[in-house]
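# Results of the structural survey
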Amino acid sequence: MKRQHPISFYIYILFILNFIWVGGAFAQRTIVSGTVRDAVTKETLPYVSVIFTGTRIGTQTDADGKYTISAPGAQTTLSFNYIGYNQVVRNLVSSATQQIDVLLRPDSKVLDDVVIVAGKKVRYRNKDNPAVELIRQVIAHKDDNRIKSYNKVSYREYEKMLFSMSNVSEKFKNKKIFRNYQFLFQEQDSTLIGGKNLLPVYIQEKLADNYFSQNPEQKKTVVVAEKQVNFDSKYIDNKGLKSYFSRMYQDIDIYKNNISVISNEFLSPIADGAPTFYKFFITDTLKNQKPEVIELSFTPRNTTDMLFEGRIYVTNDGHYAVTGATLGVNKNINLNFVRAMKIDLNFEKNTQGKYSLSKSNLLADFGLSKNKGLGFTGERTVTFKDYKFDTAVPDTVFQGKSLVVVAGADKRDEFYWQNHRLDSIPSNQLKIYHNIDTLQNLPSFKRTMKIVTLLFAGYQNLGPYEIGPVNTFYSFNNVEGLRLRLGGRTTPELSKRYYFENYAAYGIKDEKWKFFLSGTYSINNKSIYEFPQNYIRASFQRDTKIPGQELQFVQEDNFLLSFKRGVNDMLLYNDFYRLDYVKEYENHFSYAMGFKKWSQTPAGGLFYQNDNNDFVNRVTTSELSLQLRYAPNEKFYQGKIYRVPIPDRYPVFTFRYTAGLKGLFGGEYNYHNLMGSIDKRFYLSQLGYSDVTVEGGYIAGKVPFPLLDIHRANQTYAYQLNSYNLMNFLEFVSDHYVSINIDHNFNGFFFNKIPLLKKLKLREAVSFKALYGGLRDENNPGLSTGLYKFPVYENGANRTYALSNDPYMEGSVGVGNIFKILRVDVVKRFNYLNHPEVSEWGIRARVKFDF
């Protein structure tokens, strides 16, 4: 399945303040940068604490001793603190940008002696390094300290997710276009990330009871209360928004080898292989605590890799438990749109004498520009309390679904929340619930959102009916010539039970009308675009189709797909009569049953010719079908046209059975078509991730080539993940096949280590696709009678083939993250190069928004 990040929410928030890109200016700020060195050795000092005196705004020097810190308003002094060194306080020029380099002198009261190392810098190494020996002990004791070391555990969890605008200046706030939105600016907040002004625009809260059992391993979450800002469903999928946030801001478990943050996998500083990728330094020992705690700082060996930098605190009592952690990312990291990120983990000693996570805070600041301009900050805070260990938890608790939302959880009043929140919440954050409701009722905002929906979703909402999608209004091909189309569909404002969709299209060259009409009845009285779906639909469609072109998340008559390579003159005129029933379950198992009568007529350079050399004008089939799909833990964002999956590690299983019935409503053939596929993403830590699809199909029965499996081809210049990008339309057909598709993204693992390339933050990608299949003799027109001849070019050369003993193979090497949105692949076709009108090499491009 095509994977991409839904950007609709970001676009929506951009327009909450009405055309946000007009620009914002900084308020007066104090910005300081520089380098900190040892006054004796002149070596740079990593992880020196740098704080604006009298504030909580601070930072640390990086591995090279460099720092940058900023704060709103006038700041007068800056202090530098480092274990074993005297504190230094420097005066500042208020509200100005300046550079201050500092020399720290060793504290003779703390250090017995100072070893002066002359010459070149001492090389860091793992061997005989006490910090590395300590981290190896932490790794060795991981299983003893994590929550899975208990047989049974229960605890209560409170989660708050806040999304805010950042870098909001007074000058920007007072722009004329915001005169209707001043109530949003009532109270601002500040954060430790850069000390930026924030304006909350979205909030969600959840209170849940969690249960865990080790043997057998089971987990159950019971949500007892939840609420969130609800945007107008005409513009935003609120459930999808919630799922998207859950994917970006997952639970942070430092004891796991890989930690998922902002849709990327980061290697934990206490992962099994951490000493290979991180540098570790013992920077402090807290002897006034029982047990004694050691501060361990760490930094990536390569600052552009998907790795953290920061500090962890470890008990020096033989258990080596983590009591706290502060994780951030280096400014050079190969991460898009992320200005800064900070994770704080706090652990408390429990009744069993071990340490359990008591609070987790993840704060990330996003922006198109790395250092300036308006942006967005997302913060997720999770508080854990009421731990109970190895107490009796009835087995009945784990029965049923692993996630249960109690009835009325979303109806809790404010009195309930005041008495049950496990953490305090500022009043300005609570106001966002009311602010967004007020905002969405403003006529000017409604007009703005209609424009946004038209531009980015492709639909113009007219209340009970919406027109679109606009990118299909104009297209062209060799058979129809200029193609004009206009259509739309009804909305829940007309009815929550009944939905209608229609369009009409006309080809200037072929002078033919095409049209589509469908009626859908929602059985569960919900929008048919809302999960879980349960509906019955009847439809009729008369339109064209390119055999072998299968697209995902894109309309076939999209204007951009009109540009194609090679000879592209084969088309089908189709009449489809369909009746479909779809049923989805909360556990993401679904089935669909359908009936389809299909009449197809070849056009352009495509001809159906039997073995008597007679041309066949029309082929009619009648089919019954059943599709089963299981996508455990699937999360997605429901757009206006397509449901866009949010990438994750869980597999998706699909099985489809189709039976052709001769004699039923004019059906001409009996056959059975079976197809099965498995899609899965594999995370390979620092080596990136692989998207893998394995698929197979089998057709039982004797059928002409239009009813065989026509393998997915691509003659456009866009790189398509699920198609063979150098295969021509209708080049290969099979009645049995297996295929594998591997698309691997290295996330810059190699480019990050090349000095001239790493600043560009490019990312490497490779892919490989193989298709093995063939035709039984009964379905091969060269070996059996009663079939249609394979299509040929005007000069008599074959256009369509059956696969021989060799599989069709192609691969690509790509460079991604060009301008943060573009991936360009050089594609190579490895075999069947003697076929006419094929290319061994090709260049394809794909737009991809990714962090």
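See above for the structure.
Our subject in this report is the structure included herewith.

Calculation criteria
Residues numbered from 1 in each chain as written. Predicted model: local features only at pLDDT ≥ 70, side-chain atom pairs only at ≥ 80, totals over all residues. Heavy atoms only, no water. Helix = DSSP H or I, 4+ residues; strand = E, 2+ residues; numbered from the N terminus. Buried < 20%, exposed > 50% of the residue type's maximum accessible area, 1.4 Å probe, protein only. Contact = heavy atoms within 4.5 Å. Pairing = 2+ DSSP bridges. Axes fitted to C-alpha atoms, helices over the stretch in contact; angles between N-to-C directions. Salt bridge = Lys/Arg side-chain N within 4 Å of Asp/Glu carboxyl O. Patch = residues over 30% accessible without salt bridge, like charges linked within 9 Å, V, L, I, M, F, W, Y side chains within 5 Å. Areas by Shrake-Rupley, 256 points an atom, 1.4 Å probe, with all protein chains shown as cover. Expected span 1.5 Å × (residues − 1). Bend = angle between axes of the 7 residues up to and from the residue. Phe/Tyr/Trp six-rings, centres within 6.5 Å; stacked < 30°, edge-to-face > 60°. Core = buried A, V, L, I, M, F, W, Y, C linked by side-chain atoms within 4.5 Å.

A count of helical and extended segments in the protein gives 10 helices and 45 strands. Every one of the 851 residues in the protein was classed for burial, and the buried ones make up 54%. By sequence separation, contacts in the protein at least 24 residues apart represent 65% of the contacts at least 6 residues apart.

Strand order in the open sheet formed by 4 strands is S3-S2-S5-S6, and the pairing between neighbours is antiparallel. Two strands lie at the open edges of the sheet, namely strand S3 (58–60) and strand S6 (88–91), each paired on one side alone. Direction aside, neighbouring strands of the sheet carry axes that sit 20 degrees apart on average. In this structure, strand S5 (residues 77–81) lies alongside S6, joined through 4 bridges in antiparallel fashion. Bridging from a neighbouring strand, Thr-77 pairs with Asn-91 of S6.

Moving on, we get to the sheet that holds strand S42 (residues 801–802). If you walk across this open sheet you meet the 3 strands as S38-S39-S42, and the pairing is mixed. Of all the strands in the sheet, the pair left with one neighbour each is strand S38 (709–710) and S42. Where strand S39 (residues 732–734) meets S42, 2 bridges bridge the pair, whose relative direction is parallel. For Phe-732, the partnering residue across the bridge sits in S42 and is Tyr-801.

This structure, assessed with the given rule, holds 39 salt bridges. A salt bridge links Glu-159 to Arg-380; its shortest N-O distance comes to 3.2 Å. With Glu-159 in strand S9 (residues 152–166) and Arg-380 in strand S21 (residues 375–389), this pair connects stretches of sequence that are 221 residues apart. Arg-380 carries the same exposure label as Glu-159, and that label is buried. Put simply, Arg-823 and Asp-743 hold a salt bridge, and the shortest N to O gap is 2.9 Å. Taken together, the residues Arg-823 in strand S44 (residues 822–829) and Asp-743 in strand S40 (residues 736–745) connect sequence positions 80 residues apart. An identical accessibility class is assigned to Arg-823 and Asp-743; each is buried. Here the salt bridges share partners, and the residues they tie into one network are Glu-480, Arg-483, Asp-510, Lys-514 and Asp-543.

A cluster of nonpolar residues, Leu-494, Tyr-498, Phe-500, Tyr-521, Ile-523, Ile-536 and Leu-579, forms a patch on the protein surface that exposes about 620 Å² of accessible area. Locating Tyr-498 in the fold gives a position in strand S27 (residues 498–507). By relative accessible area, Tyr-498 is classed as partly exposed at 45%.

The terminal C-alpha atoms of helix H8 (residues 427–440) lie 21 Å apart, and with 14 residues this matches the ideal 20 Å at 1.5 Å per residue to within 8%. If you look at H8, its biggest bend is around 35 degrees, right at Tyr-433. Taken residue by residue, H8 has Asn-428, Gln-429, Ile-432, Tyr-433, Asn-435, Ile-436, Leu-439 and Gln-440 as its buried positions.

Take unusual backbone geometry next. The omega angle of the peptide bond from Asn-215 to Pro-216 is 0 degrees, so this bond is cis rather than trans. Position of Pro-216 among the secondary structure elements: in the loop between strand S11 (197–213) and strand S12 (218–228). A cis amide bond, omega -10 degrees, links Gly-468 with the succeeding residue Pro-469. With respect to the element layout, Pro-469 can be found in the loop between strand S24 (465–467) and strand S25 (474–477). Phi angles above zero are rare outside glycine, and Asn-613 is one such case at about 65 degrees. In this structure Asn-613 comes out as partly exposed when scored by relative accessible area, which is 42%. In this structure, Ser-685 takes a positive phi of about 55 degrees despite not being glycine. Within the element layout of this structure, Ser-685 appears in the loop between strand S36 (671–683) and strand S37 (689–700).

Following the sequence through the fold, Gln-75 ends up in the loop between strand S4 (66–72) and S5. Among all residues touching Gln-75, those that are not within four sequence positions of it are Thr-30, Phe-52, Thr-55, Leu-92 and Ser-94.

Attention now moves to the packing of aromatic side chains. Following the criterion strictly, the structure yields 37 aromatic pairs and no others. Consider the rings of Phe-705 and Phe-790, whose centres lie 6.0 Å apart with planes at 80 degrees: the pair is edge-to-face. Of the two residues, Phe-705 sits in the loop between S37 and S38 while Phe-790 sits in the loop between strand S41 (763–774) and S42, which places them 85 residues apart along the sequence. We classify Phe-790 as buried; its relative accessible area is 18%.

Mapped onto the elements, Leu-674 comes out in strand S36. Given the relative accessible area of 32%, Leu-674 is considered partly exposed. In this structure, the C-alpha to C-alpha distance between Leu-674 and Ala-700, residues 26 residues apart in sequence, is 8.5 Å. Leave out the neighbours within four places in its chain, and Leu-674 touches Phe-655, Arg-656, Tyr-657, Gly-696, Gly-697 and Tyr-698.

This next bit is on the environment of Gly-748. Looking at the element boundaries, Gly-748 is found in the loop between S40 and helix H10 (755–758). What makes Gly-748 buried here is its relative accessible area of 0%. Along the chain, Gly-748 and Leu-687 lie 61 residues apart, while their C-alpha atoms are 8.6 Å from each other. Other than its neighbours up to four places away in sequence, Gly-748 contacts Asn-334, Leu-762, Arg-763 and Glu-764.

This part covers the nonpolar core. Of all hydrophobic cores here, the largest spans 96 residues; its most connected members are Val-261, Phe-308 and Met-341. Per element, the largest residue contribution to this core is 7 residues, and it comes from S9. Counting 21 residues, the second-largest nonpolar core is a separate cluster that includes Leu-571, Tyr-573, Met-727 and Tyr-737.

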